[in-house]
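Here are the chains, one letter per residue:
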Amino acid sequence: MAEVIDVDDLLGLGLAPKSAYAYARVIDRAEALLAGSGTDLAHVTPAQLAGLALAWPASRSSRMQLRAALRHAWAVQGRPDGPIQAVRVPPAVRMRCRALSGPEAARLEAAARARGDAPGLAVLVGLYSALRRAEIARLRWDDLSFDGGLPAWLHVVGKGDVAADVPVHPVLAAALVELAPRAGWCFPARVGRAGHVNPTTIWTWVRRVGADAGVDVATHTLRHTALAEANDRSGDLRTVQAIARHARPETTAGYTRTTGERMRRVVGLISYGDVA
């Protein structure tokens, strides 16, 4: 039987510690399952590996993680012919844009502005900056840079510690000046508690404002709506990608919408010179 692969072996491949520990657990589980069939990763056949995959969670993320772990295991063992294709991975689910319609977004914005409170401000931040709920909760006054007394740019540190500066919409700038504290957290925790509100509180606030407007909405819907509206009005997916802080344009495309009217307009633009 092959030598057991441990975390040090994976670290030797240049993996980050978190990844090495995660893959080591996957490899240990795979070896335990294969041992029941009288084999191991160094000698497993395609049919045996397919049987292993059937005992694995069928989600795309789980199967992708298994594939990655196997590749690293075989790299340690020096097995270039590992039957990786025997692990079937479900196709990626195409992302569906969950943006509000124009009338729904208008009603939600009106309800948020009418409240004049922290929940209303949280909705406006989402609608006009496309921040995620944790990013809204962590928003600080010091994250804003000003021009003429109004917030002009917002510094955001989001998922994966990706940092970016995004412009502040005039509607949001006025609301921040009117409603947010002038120092510290824009959405501080309740009196007696330190720090900012919990991201779950932001979700609750958004639902509350949505109920005022008669709109079924969650925090991430605000992000979808902001990015879809920006793309609809500009047609500039690359800039919308920068605002979204996505690494790939394919991800941003999932936040944008296509309507029959837009499709007809785009098809109508096809031209091959003068048509008699």
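No experiment lies behind these values; they were computed from the predicted model shown. (Residues numbered from 1 in each chain as written. Predicted model: local features only at pLDDT ≥ 70, side-chain atom pairs only at ≥ 80, totals over all residues. Heavy atoms only, no water.)

### A look at the packing of aromatic side chains
Thought 1: Taken as a whole and judged by the stated rule, the model has two aromatic pairs.
Thought 2: On the basis of an interplanar angle of 45 degrees and a centroid distance of 5.4 Å, the ring pair of tryptophan 141 and phenylalanine 146 is categorised as tilted.
Thought 3: Judged by its relative accessible area of 9%, tryptophan 141 falls in the buried class.
Thought 4: With relative accessibility at 37%, the residue phenylalanine 146 sits in the partly exposed group.
Thought 5: Geometry around tryptophan 185 places arginine 140 over its ring, the cationic atom sitting 4.3 Å from the centre.
Thought 6: Between arginine 223 and the ring centre of tyrosine 255, over which it is positioned, the NZ or CZ distance is 5.5 Å. (Phe/Tyr/Trp six-rings, centres within 6.5 Å; stacked < 30°, edge-to-face > 60°. Buried < 20%, exposed > 50% of the residue type's maximum accessible area, 1.4 Å probe, protein only. Lys NZ or Arg CZ within 6 Å of the ring centre and 35° of its normal.)

### Observations regarding the sheet that holds strand 3 (residues 163-167)
Thought 1: With antiparallel pairing, the three strands of this open sheet are ordered in space as 1-2-3. Bordering the open sheet on either side are strand 1 (144-147) and strand 3, each of which pairs with just one other strand. Neighbour-to-neighbour, the strand axes of the sheet open up by a mean angle of 25 degrees, direction not taken into account.
Thought 2: Strand direction decides the pairing type here: strand 2 (residues 150-157) and strand 3, joined by five bridges, are antiparallel. Counterpart to tryptophan 153 in the pairing with strand 3 is proline 167.
Thought 3: Its contacts with the sheet put helix 8 (residues 170-179) on strand 1 and strand 2, and the angle it makes with strand 2 is roughly 95 degrees. (Pairing = 2+ DSSP bridges. Helix = DSSP H or I, 4+ residues; strand = E, 2+ residues; numbered from the N terminus. Axes fitted to C-alpha atoms, helices over the stretch in contact; angles between N-to-C directions. Contact = heavy atoms within 4.5 Å.)

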